[in-house]
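# Fold and contact review
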Amino acid sequence: MNRLSELLGMRWPLIQAPMAGAQGAALALAAGEAGALGSLPCAMLAPDAMQRELTLLAASGRPYNVNFFCHTPPEPDAARETAWRAALAPYFAEIGLDPAGIPAGPGRLPFSAAAADALEPFKPHVVSFHFGLPAPDLLARVKAWSAKVLSSATTVDEAIWLEAHGVDAVIAQGLEAGGHRGHFLSHDLSRQTGTFALLPQVKAAVRVPVIAAGGIADAAGVRAAMALGADGVQVGTAYLCSPEATTSALHRAVLQSEAARHTQLTTLFTGRPARGVPNRVMRELGPLNAAAPEFPLATSAIAPLRAHWEKQGKGDFTPLWSGQNASGCRAAGAAEITRDLVAGFSPAA
C-alpha cells in the first residue's frame, strides 16, 4: 500500500475509470472485487437511476467512486444551433428526417443540489469530478460526508488550481486518454500533453497524490507510470470490452479491430473535445467543426442520426470513444483485467 491506496481505502492504487454511457455498477463491482477502486459515472443518470446503481455498490461493502461533470451549462444560442443543424442537413435528408421535430437540449447535466441530495444517503468514500470542481457550497457538502475528492487536470496550472481548491488527489489526464478531455482553465488544445510528459511536471508542482491516466493499458504501462512518480493509475479503455461493460457490440467490434489504432479528438458528438475512433461524420465534417454547439448541446441534433445508423449496424454517427492505446481492450472479465493491471505494481521479474 502507498499513500493513495491508504487515502482511498484500497489494496491497490488502481482506479477503474468512470465511462459514462458504457458502464453501470456491474463493472465497478467486478473491478472492486479484484482490488481496484470501481467507479460509477453519474453525468448521464437521473437521480432515481443513480440511486438504484448506488444501492448495488453500497451493498458490496467496498469503497467506490462516483463521478460527475461540473461544467457550466451554456446559454442556448439559436444562431449556433441553426448553423449546426444546417451542417447536419444533408444527413437528415439522406434518411428522410425532418430536423424541425428534433428537440434541442443538453445530454449531460453538471453536479447539482439535486444530485447531492440523491447521493447524500450513500455517503460514498470517493467523489470525482471532470471539468474542474463544483461550486464551493456543493463541494463543502461532499466533504461533509468525509468523502475523498478527486478531479482531472490536463495541465500543470489545472493541477495547482485543483490542489488550491481542496482536492485530495489529482488525476493527471494525458492527451492519450479516451473520452472527454477534462480541461477547464483553457480550451487551447495546444496546451495538452501526453501522460508521461504531464505526470512528472504535475508531481513536481503539487503535494497531493497524483494519479496517472491516459494510454495505460497493461501492467507494463502501470509500472512505467509508477516509475515516473505516479501515486496510482486510472484505466478506462482496457475495460470497455469486458462483459460487465455496457459497450455496444458495434463499439466492441471497432475497439478490437485495426481501426482502433487511430483515434482523434472531436467536438461533434457533445460540443467538447473527446477522443474516439474516426467515423464517417468525423471524416466528412472534420472532427473539430466550429459549428458544433457548446457542450453538451451538440448531442441532441446528432442523436437521431446515430440511432438510425446503429439500427443498420453502422457506427457512422456513433461516438466510438477510445484512448490511443486500445491494445489492452479484450473480452475478459473486469476482475481478470484488474488482476493483470495490478501486476504492474510489483517489480518486473
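On a predicted model such as this, the values are computed, not experimentally measured, just so you know.

Rules of the game
- Residues numbered from 1 in each chain as written.
- Predicted model: local features only at pLDDT ≥ 70, side-chain atom pairs only at ≥ 80, totals over all residues.
- Heavy atoms only, no water.
- Pairing = 2+ DSSP bridges.
- Helix = DSSP H or I, 4+ residues; strand = E, 2+ residues; numbered from the N terminus.
- Phe/Tyr/Trp six-rings, centres within 6.5 Å; stacked < 30°, edge-to-face > 60°.
- Buried < 20%, exposed > 50% of the residue type's maximum accessible area, 1.4 Å probe, protein only.
- Lys NZ or Arg CZ within 6 Å of the ring centre and 35° of its normal.
- Axes fitted to C-alpha atoms, helices over the stretch in contact; angles between N-to-C directions.
- Contact = heavy atoms within 4.5 Å.
- Polar contact = N/O pair within 3.5 Å; in protein donor to acceptor, adjacent residues only side chain to side chain.
- Parallel < 35°, antiparallel > 145°, perpendicular 65-115°, else oblique.
- Left-handed = near helix turned anticlockwise from the far one by under 90°.
- Nonpolar A, V, L, I, M, F, W, Y, C, P; charged D, E, K, R; others polar.

### Looking at the sheet that holds strand E11 (residues 274–276)
In spatial order, the strands read E7-E11-E10; together these three strands make up an open sheet with antiparallel pairing. Each of the sheet's edge strands pairs with one partner strand only, and the pair in question is strand E7 (179–180) and strand E10 (264–266). Two strands pair when backbone bridges link them, and E7 and E11 are joined in this way by two bridges, in the antiparallel orientation. Counted as the bridge partner of Gly179 is Arg275 from E11.

### With respect to the packing of aromatic side chains
Tallied over the full model, the rule gives 10 aromatic pairs. Summarising the aromatic geometry, the rings of Phe111 and Phe129 are spaced 5.4 Å apart at their centres and angled 65° between planes, so their arrangement reads as edge-to-face. Residue Phe111 is located in the loop between helix H4 (78–94) and helix H5 (113–119), and its partner Phe129 is located in strand E4 (residues 126–130); the two are separated by 18 residues in the primary sequence. By the burial criterion, Phe111 is buried, and Phe129 matches it. One cation-aromatic arrangement involves Arg272 over Phe131; the distance from NZ or CZ to the ring centre is 3.8 Å.

### Thoughts on the environment of Arg261
Looking at the element boundaries, Arg261 is found in the loop between helix H10 (249–255) and E10. Arg261 sits 16 residues away from Val277 along the chain, and the two C-alpha atoms are 8.1 Å apart.

### Things to note about the sheet that holds E4
Reading across from one edge, E1-E9-E8-E6-E5-E4-E3-E2 is the order of the eight strands in this open sheet, with parallel pairing throughout. Among the strands making up the open sheet, the edge pair consists of strand E1 (14–16) and strand E2 (38–41). Adjacent strand axes in the sheet meet at a mean angle of 25° when their direction is disregarded. Across four bridges, strand E6 (residues 169–173) lies against strand E8 (residues 210–213) in parallel orientation. Note that in E8 the partner of Val170 across the bridge is Val210. Relative to the sheet, helix H2 (residues 25–33) contacts E1 and E2, its axis offset from that of E2 by approximately 170°.

### Overview of the environment of Asp77
Turning to its location among the elements, Asp77 is positioned in the loop between strand E3 (64–69) and H4. Under the relative-accessibility criterion, Asp77 is labelled partly exposed at 41%. Placed 217 residues apart in sequence, Asp77 and Glu294 show a C-alpha to C-alpha distance of 8.9 Å. From its side chain, Asp77 meets the backbone nitrogen of Arg80 in a polar contact 3.1 Å long.

### Here we look at the packing of H4 against helix H12 (residues 299–311)
Where H4 meets H12, the closest approach of the two axes is 9 Å, and the angle between their N-to-C directions is 15°. With respect to H12, the axis of H4 lies roughly parallel. Relative to H12, H4 is oriented so that their crossing is left-handed. Across the interface between the two elements, Glu81, Trp84, Arg85, Leu88, Tyr91, Phe92 and Glu94 of H4 pack against Ser300, Ala301, Ile302, Leu305 and Trp309 of H12. Class assignment for the residues of the contact of H4 with H12 results in eight nonpolar, one polar and three charged.

### Things to note about the side chain of Arg85
By the element assignment, Arg85 lies in helix H4. In this structure Arg85 comes out as buried when scored by relative accessible area, which is 15%. If near-sequence neighbours (up to four positions away) are discounted, Arg85 is found in contact with Phe92, Pro99, Ile102, Pro103, Ala104, Ser300 and Ala301.

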